[in-house]
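# Descriptive structure summary
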Amino acid sequence: MFNNLPNEINYQPNSIVSKILAKNNSGNATLFAMDEKEIISEHTTPFLAMIYCLEGKLIVNIDKKPNQICKEDFILLPQNISHAVEAIEKSKFILMMLK
């Protein structure tokens, strides 16, 4: 059990830090901390994915269309559609993938 997810991970300058919270045959949940202006480059996955923003502001590009999310926002990333994530400011979020 995690009582305060943002406290489970720390920012690193000019970096993206991740911590796997749960993983099994049905999917996984990973906690991320991204420094300002860091980018997870465009890619696809064969699984449905979801991002829940814990703090900060992110641009989530889905099929090259930008979507800005911030604290307590949730966005779905459809399977087999390209997506990328950029931190507008220091941000923490959970990425969940369902197989």
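Described in the following lines is the structure provided in the data block. Keep in mind that what you see is a predicted model, and the values were worked out from it rather than measured.

### Examining the sheet that holds strand 1 (residues 16-24)
Backbone-to-backbone hydrogen bonds pair the strands of a sheet. The strands run either parallel or antiparallel. One open sheet holds the 5 strands; their spatial order is 1-2-9-4-7, and the pairing between them is antiparallel. Edge positions in the sheet fall to strand 1 and strand 7 (74-77), since each has one partner strand and no second. Each adjacent strand pair in this sheet contributes to an overall mean axis angle of 20°, direction not counted. As paired strands, strand 1 and strand 2 (residues 27-34) are joined by 8 bridges and run antiparallel to one another. What sits directly across from asparagine 24, in strand 2, is glycine 27.

### Considerations on the pairing of strand 2
Counting buried residues in strand 2 gives 8 out of 8 residues, a clear majority hidden from the surface. Here strand 2 shows two buried faces, one formed by Gly27, Ala29, Leu31 and Ala33 and the other by Asn28, Thr30, Phe32 and Met34. Pairing between strand 2 and strand 9 (residues 91-98): 8 bridges, direction antiparallel. The residue bridging phenylalanine 32 from the neighbouring strand is phenylalanine 93, located in strand 9.

### Considering the pairing of strand 5 (residues 57-62)
Two strands pair when backbone bridges link them, and strand 5 and strand 6 (residues 65-70) are joined in this way by 6 bridges, in the antiparallel orientation. Its bridge partner lying in strand 6, isoleucine 59 is registered against glutamine 68. Taken together, strand 5 and the strand that follows it, strand 6, pair antiparallel across an intervening segment of 2 residues, in which aspartate 63 is found at a positive phi of about 55°. Where strand 5 and strand 8 (residues 83-87) come together, 5 bridges link them in antiparallel fashion. If you follow isoleucine 59 over to strand 8, its bridge partner there is glutamate 86.

### Re the pattern of salt bridges
Scanning the model with the defined rule gives 3 salt bridges in all. A salt bridge links lysine 19 to glutamate 8, with the nearest nitrogen and oxygen atoms 3.0 Å apart. With lysine 19 in strand 1 and glutamate 8 in the segment before strand 1, this residue pair connects regions lying 11 residues apart in the sequence. Residue classification places lysine 19 among the partly exposed positions, given a relative accessible area of 30%. Lysine 64 is paired through a salt bridge with glutamate 42; the nearest N and O atoms lie 3.1 Å apart.

### Describing a nonpolar patch on the surface
On the surface, a cluster of nonpolar side chains totalling about 350 Å² of accessible area is made up of Leu48, Phe74, Leu76 and Leu98. Relative to the elements of secondary structure, phenylalanine 74 occurs in strand 7.

### What to know about the environment of aspartate 73
Looking at the element boundaries, aspartate 73 is found in the loop between strand 6 and strand 7. Given a relative accessible area of 27%, aspartate 73 falls into the partly exposed group. Spatially, the C-alpha atom of aspartate 73 lies 20 Å from that of tyrosine 11, the residues being 62 residues apart in sequence. Beyond its immediate stretch of four places on either side in the chain, aspartate 73 contacts Ile51, Tyr52 and Cys53.

Criteria and thresholds
- Residues numbered from 1 in each chain as written.
- Predicted model: local features only at pLDDT ≥ 70, side-chain atom pairs only at ≥ 80, totals over all residues.
- Heavy atoms only, no water.
- Pairing = 2+ DSSP bridges.
- Helix = DSSP H or I, 4+ residues; strand = E, 2+ residues; numbered from the N terminus.
- Axes fitted to C-alpha atoms, helices over the stretch in contact; angles between N-to-C directions.
- Buried < 20%, exposed > 50% of the residue type's maximum accessible area, 1.4 Å probe, protein only.
- Salt bridge = Lys/Arg side-chain N within 4 Å of Asp/Glu carboxyl O.
- Patch = residues over 30% accessible without salt bridge, like charges linked within 9 Å, V, L, I, M, F, W, Y side chains within 5 Å.
- Areas by Shrake-Rupley, 256 points an atom, 1.4 Å probe, with all protein chains shown as cover.
- Contact = heavy atoms within 4.5 Å.

These results come straight from atomic positions and should not be treated as a statement about function.
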